[in-house]
Structures are given as C-alpha cells and as structure tokens.
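Okay, here's what each chain looks like letter by letter:
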Amino acid sequence: MAYRVLTRTAGSSQQQLKLLSDLLIRSFSSGPKNVGFIGLGNMGGPMASNLMAKGHKLHVFDISKDAKESLKAKGAVPYDNVAELAKASDFVVTMLPNNDIVADTYDTIIGGGGIKNQTIFIDSSTIDPNVAKAVQKKVKAAGATFVDAPVSGGVPGAKNATLTFMVGGTSEEYQAVKELLEGMGKKITHCGGYGMGQAAKVCNNMMLGISMCGLAECMNLAIRLGLDPKVFADIVNASTGRSWASEVNNPVPGIIPTAPAASGYAGGFATGLITKDLGIASAVATSSNSPIPLGALTHQIYRTLMAKGLANKDFSVVYDFLKNTEGK
C-alpha cells in the first residue's frame, strides 16, 4: 500500500515537473503562436486584432457571425465550436461577459475534448474570483494550464494595445503568458495566486464606477452653478480631482471628442457591464465581511439606469441621468 502511494506521489511530482518545464520553455520561446480567441466584442475584437498584428495566427470564435467575419477578413480562422478551436491552439484567450458564460464555455471545451496538455488558457473576462478558481481547478484536472488575467483600460486601451493585465497564477505561469499579453497591453502585473487577478479587477472596477458617478455629479453641479464645463474639466484635470474618467471619458458631451459622450454614449464600457461588476464586488464584499457603502450606493445607481433601459449605453451616461434629475 505504501509503495503504491509513493509511486502515485512520485508520478504526480514528475507530471508537475514536466508541466513546469514546459511552461518555462514556452515562456522563453518567441515567434508566432497559434492563439485561440473566444469573445470578439468591443474589447475582444481589438485585442485579437493586435495579436494578429504581432504575427500570431488567430483562431477565433464569437456568437456573432459578423464579429467572426471581421477577423476572418484580417486573416483569422473562424470556428463554430470552441472545443475544436482549443485543439488548434497553443494559447486560448477568453473575453466573455459574465460568470455563467465563462463557466459554460470552459465546460464545453473540456467536455468536447478540447484540452491539450500544452495549452495555456487565459481568461481576461471580469468574473467572480471564486469562479476563476473553480475553472482553474477543472482545467488543471483535465491536464492543461489556466490563469485569470482581466484587463483595465477600456476600449481605447484595447484598440491601442495599452491595456493593463492583472494576472492570477503561479510565477512560472505568469512568465509563460507575459510575452503574449504584451502584444495587447503595456503593463502586465502578477497579482498573486489563482483568482487574485480577478480580485484586483473587481476592486478596480468598483473604484471606476464610484469615480464616474462622482465626476458626473460634480460636473452637473458645476454647470448648474454657472461654470463653463470645459473650464471646469481643465481645472479637475490639473487638480486633485483628476481621474481616468475625467481625463479619458468625461461624461459631458463636447469636452472630449473621442469619449462616448460625444456620440450619444454609444460604445465604450456598457452600463450593463459595470452593473455586473459592481454586483460581483457586492457579493465578494459580503463573503469577506467588508463594508462598501460607496460601492453599494454606486451599484444601486447603475441598477436604476438599467431599469431605465440604458444597459447598452456607456456607463458615463450616468451624467445624462443626473442632469435630468432634480435635487430634493
């Protein structure tokens, strides 16, 4: 009995050493890779395009035929089956809307025999850290590698390959994915173990939602007090109130030509997505017994916008909502 246990332990250790060796070899190898990309929306489409621009061969999937055709026109190979896509790929990046879709996608890949021992899966969706940990365990049990690597920087960052990646996994896994992620971003940070990339992203997005609501509220107040919005925006960006929202995505139309506010709040980071992320923040705050009064209030505000049919508008539309609301 003891011999069998020792044999199994030794075999397991040998498998782990081989996996570690494969990861190290991959981390130092350069040149084009076969990369699968699942989820070609406002963020995923530009990210996949940037990988192609780096010379990688892309295998792509999306429920939208138009999204797949757009990448096909640039040279990508489209798939109708995520398991077949995974079989053809050395790396697979997933960029999907929510917990359930991420979990279902990986279950489909595993159930369809899409796992290869050498494949590294990178999930750049924004999901609950506990879901990321659960998916990692399933992928590992099937014989492959999984890291969570959500992003920050929005659509402009996705288009310009200037995203920040927050990676959860081992140091070796981080090194194995770093070069590929550098094709889509400018800052790649190892946040710790599995789920820690998602933990960082959820906290960051809660701050993003809070700061956008704060900026929208203050811009509305300044305008009602008679300040020129451009003058006040310049003051904010040269003062202590400065933030990503004020510099890149000011919610008042006419201040930043490239901001969603300039085009009726189309595109950008959807209200539905920030509401989802704030819901994740609320859930993990409850499970960790952490008070988040501002996060909870911000979540309530965005849920109100959702109820008003604004789910597909950029989350800066909160300004338009406040502008048309009378104080009490």
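Note that this is a predicted model, so its numbers are computed, not measured. (Residues numbered from 1 in each chain as written. Predicted model: local features only at pLDDT ≥ 70, side-chain atom pairs only at ≥ 80, totals over all residues. Heavy atoms only, no water.)

### Here we look at the overall build of the protein
Logical step 1: Of the regular secondary structure elements, the protein holds 14 helices and nine strands.
Logical step 2: The C-alpha radius of gyration of the protein comes to 22 Å, within 12% of the 20 Å expected for a compact globule of 328 residues.
Logical step 3: Each of the three principal axes of the protein carries a C-alpha extent, and together these read 80 × 50 × 35 Å.
Logical step 4: When the 328 residues of the protein are sorted by exposure, 45% land in the buried category. (Helix = DSSP H or I, 4+ residues; strand = E, 2+ residues; numbered from the N terminus. Rg over C-alpha atoms; globule rule 2.2 N^0.38 Å. Buried < 20%, exposed > 50% of the residue type's maximum accessible area, 1.4 Å probe, protein only.)

### Side note on the environment of Ala 103
Logical step 1: Looking at where Ala 103 falls in the secondary structure, it is placed in helix α5 (residues 99–111).
Logical step 2: Ala 103 sits in the partly exposed class, given a relative accessible area of 24%.
Logical step 3: Linking Ala 103 and Ala 134, residues 31 residues apart in sequence, is a C-alpha distance of 8.6 Å.

### Quick word on the UniProt feature "domain: 3-hydroxyisobutyrate dehydrogenase-like NAD-binding" (unreviewed entry) in the protein
Logical step 1: Sequence positions flagged by UniProt for "domain: 3-hydroxyisobutyrate dehydrogenase-like NAD-binding" (unreviewed entry) are, in local numbering, residues 195–320.
Logical step 2: Between the C-alpha atoms that bound residues 195–320 there is a distance of 35 Å. The span itself is 62% helix and 0% strand. (UniProt positions renumbered as here; feature names shortened; annotations may be inferred.)

### Quick notes on the packing of aromatic side chains
Logical step 1: Under the criterion given, the structure shown has four aromatic pairs.
Logical step 2: Note on Tyr 106 and Phe 121: the rings are 5.7 Å apart at their centroids and 70° apart in plane angle, and the pair reads as edge-to-face. With Tyr 106 in helix α5 and Phe 121 in strand β5 (residues 120–123), this residue pair connects regions lying 15 residues apart in the sequence. There is no split in this pair, since Tyr 106 and Phe 121 are both buried.
Logical step 3: Judged by centre distance (6.4 Å) and plane angle (35°), the rings of Tyr 302 and Phe 315 are tilted. Note that Tyr 302 is positioned in helix α13 (residues 293–307) and Phe 315 in the loop between α13 and α14 (318–323), a separation of 13 residues in sequence.
Logical step 4: Residue classification places Tyr 302 among the buried residues on the basis of a relative accessible area of 0%.
Logical step 5: What makes Phe 315 buried here is its relative accessible area of 1%.
Logical step 6: Among the aromatic residues, those joined into a ring-pair cluster are Tyr 106, Phe 121 and Phe 146. (Phe/Tyr/Trp six-rings, centres within 6.5 Å; stacked < 30°, edge-to-face > 60°.)

### Remarks on unusual backbone geometry
Excluding glycine, a negative phi dihedral is what most residues carry, and trans is how most peptide bonds are arranged.
Logical step 1: Despite not being glycine, Tyr 265 has its phi angle at roughly 65°, a positive value.
Logical step 2: Within the secondary structure layout, Tyr 265 lies in the loop between α11 (244–248) and α12 (271–287).
Logical step 3: By relative accessible area, which is 6% here, Tyr 265 ends up buried.
Logical step 4: Its identity as a non-glycine residue notwithstanding, Asn 289 has a phi of 55°, on the positive side.
Logical step 5: Tracing the backbone through its elements, the reader meets Asn 289 in the loop between α12 and α13.

### Focus: the UniProt feature "active site" (unreviewed entry) in the protein
Logical step 1: Under the present numbering, the feature "active site" (unreviewed entry) in UniProt falls on Lys 201.
Logical step 2: Within the secondary structure, Lys 201 sits in helix α9 (residues 196–224).
Logical step 3: Of the residues examined, Lys 201 reaches a relative accessible area of 7% and is grouped as buried.
Logical step 4: When sequence neighbours within four positions are dropped, the list of residues in contact with Lys 201 reads Thr 126, Pro 150, Val 151 and Met 166. (Contact = heavy atoms within 4.5 Å.)

### Quick notes on the confidence of the model for the protein
Logical step 1: Looking at the protein as a whole, the pLDDT averages 92, with 90% of positions reaching at least 70.
Logical step 2: In the predicted structure, residues 1–10 sits below a pLDDT of 50 and forms zero contacts with residues beyond four places in sequence or in another chain. (pLDDT = per-residue confidence, 0-100.)

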